[in-house]
Amino acid sequence: MKNIAVIGAGTMGNGIAHTFAQKGFKVQLIDISQQSLDKGLATITKNLDRMIAKEKISEADKEATLANISTYTNIKEGVEYAGLVVEAATENVDLKLKIFRELSEACPEDTILASNTSSISITQIAAVTNRPEMVIGMHFMNPVPIMKLVEIIRGYNTSDKVTSTIMEMSKTLGKVPVEVNDYPGFVANRILMPMINESIETLYNGVAGVSEIDTVMKLGMAHPMGPLQLADFIGLDVCLSILNVMYEGFKNPKYAPCPLLVNMVMAGKLGVKSGEGFYDYSENRKAENVSKQFI
């Protein structure tokens, strides 16, 4: 299985493509927008240059990695020879179901279909395909080339063979795969998102400020970044989407998103990607300046 198709050239998609290509896989990076593909390749190039500067790879390694990536704006053309497809589109259930219906028809019969979803049911996704036993979750962590964990999510019908194949493939990428079962939020986000949401509630209720909340969690709990900074990094729209999936899936009010989070997303304050969230990123991408609304 040397041909890998990746659907989506955004933050997660280009990171996944980068990771496979650097390990010698031929990667077909697919997006409906040529502009997104160009931006994705530029990001991969910049990240490879950063690795060269840190003396982790050579110029030859960079060129070989980039040579392993080809781009497509048509799914059918991009997946023609793929042994594995990894979908990394926006965290929207309707969009993902549409993509998997298309993949089901376009891919060879033996192609494994994986989703990088961080919360949406693999069983639900698999149900719209003609091969539910060959559908699995591969939840990479951001930034993909650096983070070791991959959550491997088994849908209700995912076969043992497909699971073991993807577990072993993840290891060849230098990752640590962890198998989990298919429930809303899986493990990582089922634990992480309520913590982020509670941090936002703590801010919303006036218990403490943005930097104070993050400082307590960094220094008191040894977290590498505070929960509000992490929410900005993930994207507040993504956090809201995941919380909504869990809230709908469990019907438990503890997963209901904080009104402050809802309002910030509606206002377009999405974190790093929009230039402002709990912190202001207009001067740099580091969480150094708290947004004016929280001062």
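As the structure is a prediction and not an experimental result, all values here were calculated from the model. (Residues numbered from 1 in each chain as written. Predicted model: local features only at pLDDT ≥ 70, side-chain atom pairs only at ≥ 80, totals over all residues. Heavy atoms only, no water.)

A. Expanded view of the nonpolar core. Grouped together as the largest cluster of nonpolar side chains are 34 residues, with contacts concentrated most on Phe20, Leu84, Val86, Met138 and Phe140. For this core, the leading source of residues is helix 1 (residues 11-22), giving 5 residues. Core analysis: the second largest hydrophobic core is formed by 27 residues, Cys239, Leu243, Leu261 and Val265 among them. (Core = buried A, V, L, I, M, F, W, Y, C linked by side-chain atoms within 4.5 Å. Buried < 20%, exposed > 50% of the residue type's maximum accessible area, 1.4 Å probe, protein only. Helix = DSSP H or I, 4+ residues; strand = E, 2+ residues; numbered from the N terminus.)

B. Structural context of the packing of aromatic side chains. Enumeration over the complete set of coordinates arrives at 3 aromatic pairs. Note on Phe20 and Phe25: the rings are 5.2 Å apart at their centroids and 85° apart in plane angle, and the pair reads as edge-to-face. Take Phe20: its relative accessible area is 0%, and that puts it in the buried class. (Phe/Tyr/Trp six-rings, centres within 6.5 Å; stacked < 30°, edge-to-face > 60°.)

C. A look at the sheet that holds strand 1 (residues 3-7). The sheet built from 8 strands is open, its strands ordered 3-2-1-4-5-6-7-8 with mixed pairing. The open sheet has two free edges, formed respectively by strand 3 (69-72) and strand 8 (176-181), since each of these has just one partner strand. Recorded for the sheet is a direction-independent mean angle of 25° between the axes of neighbouring strands. Bridging between strand 2 (residues 26-30) and strand 3 involves 4 bridges; their strand directions are parallel. Within the sheet, the bridge partner assigned to Gln28 lies in strand 3 and is Ser70. Along the sheet face, helix 1 touches strand 1, strand 2, strand 3, strand 4 (84-87) and strand 6 (135-140) and points at about 165° away from the line of strand 2. Where helix 2 (residues 34-53) meets the sheet, it contacts strand 2 and strand 3, and its direction lies at approximately 165° from that of strand 3. (Pairing = 2+ DSSP bridges. Axes fitted to C-alpha atoms, helices over the stretch in contact; angles between N-to-C directions. Contact = heavy atoms within 4.5 Å.)

D. The arrangement of a positive patch on the surface in detail. There is a patch of like positive charges on the surface, built from Lys46, Arg50, Lys54, Lys56 and Arg285. You can see Lys56 is positioned in the loop between helix 2 and helix 3 (59-67). Relative accessible area serves as the criterion here: at 61%, Lys56 is assigned to the exposed category. (Patch = residues over 30% accessible without salt bridge, like charges linked within 9 Å, V, L, I, M, F, W, Y side chains within 5 Å. Areas by Shrake-Rupley, 256 points an atom, 1.4 Å probe, with all protein chains shown as cover. Salt bridge = Lys/Arg side-chain N within 4 Å of Asp/Glu carboxyl O. Lys, Arg positive; Asp, Glu negative; His and termini not counted. Charge placed at Lys NZ, Arg CZ, Asp CG, Glu CD.)

E. The arrangement of the side chain of Thr19 in detail. Locating Thr19 in the fold gives a position in helix 1. On the accessibility criterion, Thr19 (6% relative accessible area) is buried. Excluding its chain neighbours within four sequence positions, the residues that come into contact with Thr19 are Val144, Pro145, Leu173 and Lys175.

F. Quick peek at helix 12 (residues 259-266). Turning to helix 12, its buried residues number three or more, namely Leu260, Leu261, Met264 and Val265. Angularly, the buried residues of helix 12 cover 130° about the axis, an arc narrow enough to put them on a single face. Where helix 12 is buried, its residues meet helix 8 (188-204) and helix 11 (236-250). Two residues or fewer past helix 12, Gly268 is found with a positive phi of approximately 80°. (Arc of directions from axis to C-beta.)

Keep in mind these numbers describe shape, not what the thing actually does.
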